[in-house]
Structures are given as C-alpha cells and as structure tokens.
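# Architecture and fold: a report
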Amino acid sequence: QKEVEQNSGPLSVPEGAIASLNCTYSDRGSQSFFWYRQYSGKSPELIMFIYSNGDKEDGRFTAQLNKASQYVSLLIRDSQPSDSATYLCAVNMNNQGGKLIFGQGTELSVKP
Amino acid sequence: DTAVSQTPKYLVTQMGNDKSIKCEQNLGHDTMYWYKQDSKKFLKIMFSYNNKELIINETVPNRFSPKSPDKAHLNLHINSLELGDSAVYFCASSQGPQGLGEKLFFGSGTQLSVL
C-alpha cells in the first residue's frame, strides 16, 4: 500500500456540483492532514488542514477525517471552473518522524 | 513581497554540468525544504533544514548538496547533471519542523531541463 494514496483522475464535474476528492493513508498514528491545491504550472498552495475526526468547513470547502478508516476527503461545494486544478493530499506520517508525505494528486476539471 | 522566492524559474542545461538554485524566505520561518516534483506531479521531499541544521536527508544522490547560510536561505547545488534530474524543484518553508502539523509555503518552482 502506498503511504498516501489518491485517485489521479481526472475527475470531471459540472459547474455548481459538489466535487469529492478522496485520500487514504497507511500510518494509523498520523495526526495532521492537509489539502494543497496546485494550478497547472504553479506551486502548491495550502487550502485546508484538519487534525481531528469529523468535518471542518471553510467557505465552499469541507475536509472530512476518519482516523479509524485512515481516510481523509475534501468536498468542494458549488464547484467553479476556477477550482480546476490538481489537489494534493498530504499527511504527517507519525511512523516517519512526522515527515510530510504527499499523495500523487487528483486532477479536478470543472466544466462550465 | 514574495514570501518564498526561488531563482531561476527556468534552467536549461547540458548533461554533466553543475548548476545551483537559490531560495529565500521572508516569513521568519525556522524550517526550509527542497521538494522535487516529477512529470507525474508526485511531490517528494529531498532535504529539510531547521535553523541551518540538516534534519531531513532523503535518499538523494550525493550529487545534490543543499546549503543553508542562514535560516532565511536554502540553496541547492547539483553536480554532474543527468537526464533524470529533469523535474520541477520547489523550495518551501514552515514555522517549525514537519511533524508538528506545520503548514508549508512553497516558492514558485524551478523547472530544470537537462538535455
């Protein structure tokens, strides 16, 4: 199993729909989870972080964490074409001294 | 005011050459990193420095040598460049070391192409 795994996509959703991006991780002891957005040709930019089980909402973005299932997701409500980007899940791996490991990213395309 | 700035943005060079990438952050952060992003977008850590001290040194060829003259600067020197070194190299910084839930701030990247 990869340390941090995401579907590479592309995930295509119509404008206004909910985009759901998923991520699983291998280390049960991990405590900190991040979502970075990367536009084509640009650098990654932090959009959400979550440390506790449950949901965390910030505007149109909701991060969901389930440590028992080793699963973290990002929901984007009312998706806009400007949300089209690659979304990178990152996890501080407790079994590697807290090193931040990135998934391979999910490419999201929001169609007008 | 760019928070994390790296130069150059593009670097095209021949195999066997030596090149350097420079990075500076004005966020007052203690920790800086070099990441490599391959053509499949996979972002992998190479090195991390905390207050000028090397704390993460991944399995990277010793042709790659980081240098941190002070906590605001982290440079990457690459000797004897190979075709497989072609990638985008990102500098990043965080308030403290990874493992404390630290958020990373990335530079704009250096696209390295080895011909």
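Worth saying up front: this structure is predicted, and the values here are computed from it rather than measured.

Right, let's talk about the overall build of chain A for a bit. Scanning chain A from N- to C-terminus turns up zero helices and eleven strands. For chain A, the α and β elements follow one another from N to C terminus as β-β-β-β-β-β-β-β-β-β-β. Here chain A has a C-alpha radius of gyration of 13 Å; the compact-globule value for 112 residues is 13 Å, and the two agree. Seen through its C-alpha atoms, chain A measures out along the principal axes to roughly 45 × 30 × 20 Å. With 112 residues in all, chain A has 47% of them scored as buried. Pairs at least 24 apart in sequence give 55% of the contacts found in chain A among residues at least 6 apart. Carbon and sulfur atoms form 46% of the exposed surface of chain A, whose accessible area is close to 5000 Å². Taking the average location of the 10 positive side-chain charges in chain A and that of its 11 negative ones, the two points are 4 Å from each other.

Turning our eyes to something else, we now look at the environment of A:Leu11. Among the structural elements, A:Leu11 can be located in strand 2 (residues 11–14). Separated by 95 residues in the primary sequence, A:Leu11 and A:Thr106 have C-alpha atoms spaced 7.3 Å apart.

It is worth spelling out the packing of aromatic side chains at this point. The full count for this structure, using the stated rule, is twelve aromatic pairs over all chains. Relative to A:Tyr36, the ring of A:Phe34 lies with its centre 6.4 Å away and its plane at 40°, an arrangement referred to as tilted. Grouping residues by exposure puts A:Phe34 and A:Tyr36 together as buried. A centroid spacing of 5.6 Å and a plane angle of 85° characterise the contact between A:Phe102 and B:Tyr35, whose relative ring orientation is edge-to-face. With one member in each of two chains, A:Phe102 in strand 10 (residues 99–102) and B:Tyr35 in strand 4 (residues 31–37) form a pair that bridges those chains. Of the residues examined, A:Phe102 reaches a relative accessible area of 2% and is grouped as buried. Look at B:Tyr35 and you get buried, because its relative accessible area is 0%. By the ring-pair criterion, three or more aromatic residues cluster together here, those being A:Phe34, A:Tyr36, A:Phe49, A:Tyr51, A:Phe102, B:Tyr33, B:Tyr35, B:Phe90 and B:Phe106.

Okay, the state of the cysteines next. Under the counting rule described, the total for this entry stands at two disulfides over all chains. The disulfide partner of A:Cys23 is A:Cys89, and the S-S distance across this bridge is 2.0 Å. Its S-S torsion of about -75° marks the bond between A:Cys23 and A:Cys89 as left-handed, since a negative value means left-handed. Here A:Cys23 is found in strand 3 (residues 19–25), whereas its partner A:Cys89 is found in strand 9 (residues 85–93), with 66 residues between them in sequence. We note that A:Cys23, like A:Cys89, is buried. Note that B:Cys23 is cross-linked by a disulfide to B:Cys91, the S-S spacing being 1.8 Å. Handedness of the B:Cys23-B:Cys91 disulfide follows from its S-S torsion of about -80°: it is left-handed. One end of the pair, B:Cys23, is in strand 3 (residues 19–25); the other, B:Cys91, is in strand 9 (residues 87–94), and 68 residues separate them in sequence.

Taken residue by residue, the interface counts 21 residues in chain A and 19 residues in chain B. Taken as a group, A:Lys99, A:Leu100 and A:Phe102 account for 30% of the area that chain A buries against chain B, more than any other trio of residues on that side. Taken together, chain A and chain B are joined by one salt bridge. A salt bridge links B:Glu58 to A:Lys99; its shortest N-O distance comes to 2.5 Å. The interface formed by chain A and chain B contains four residue pairs in polar contact (both at pLDDT 80 or more). The residue makeup of the side of chain A that touches chain B, split by class, is nine nonpolar, ten polar and two charged.

Rules behind the numbers
Residues numbered from 1 in each chain as written. Chains lettered and ligands numbered in written order. Predicted model: local features only at pLDDT ≥ 70, side-chain atom pairs only at ≥ 80, totals over all residues. Heavy atoms only, no water. Helix = DSSP H or I, 4+ residues; strand = E, 2+ residues; numbered from the N terminus. Rg over C-alpha atoms; globule rule 2.2 N^0.38 Å. Buried < 20%, exposed > 50% of the residue type's maximum accessible area, 1.4 Å probe, protein only. Contact = heavy atoms within 4.5 Å. Areas by Shrake-Rupley, 256 points an atom, 1.4 Å probe, with all protein chains shown as cover. Lys, Arg positive; Asp, Glu negative; His and termini not counted. Charge placed at Lys NZ, Arg CZ, Asp CG, Glu CD. Phe/Tyr/Trp six-rings, centres within 6.5 Å; stacked < 30°, edge-to-face > 60°. Disulfide = S-S within 2.5 Å. Buried area = accessible area lost by both parts, 1.4 Å probe. Salt bridge = Lys/Arg side-chain N within 4 Å of Asp/Glu carboxyl O. Polar contact = N/O pair within 3.5 Å; in protein donor to acceptor, adjacent residues only side chain to side chain. Nonpolar A, V, L, I, M, F, W, Y, C, P; charged D, E, K, R; others polar.

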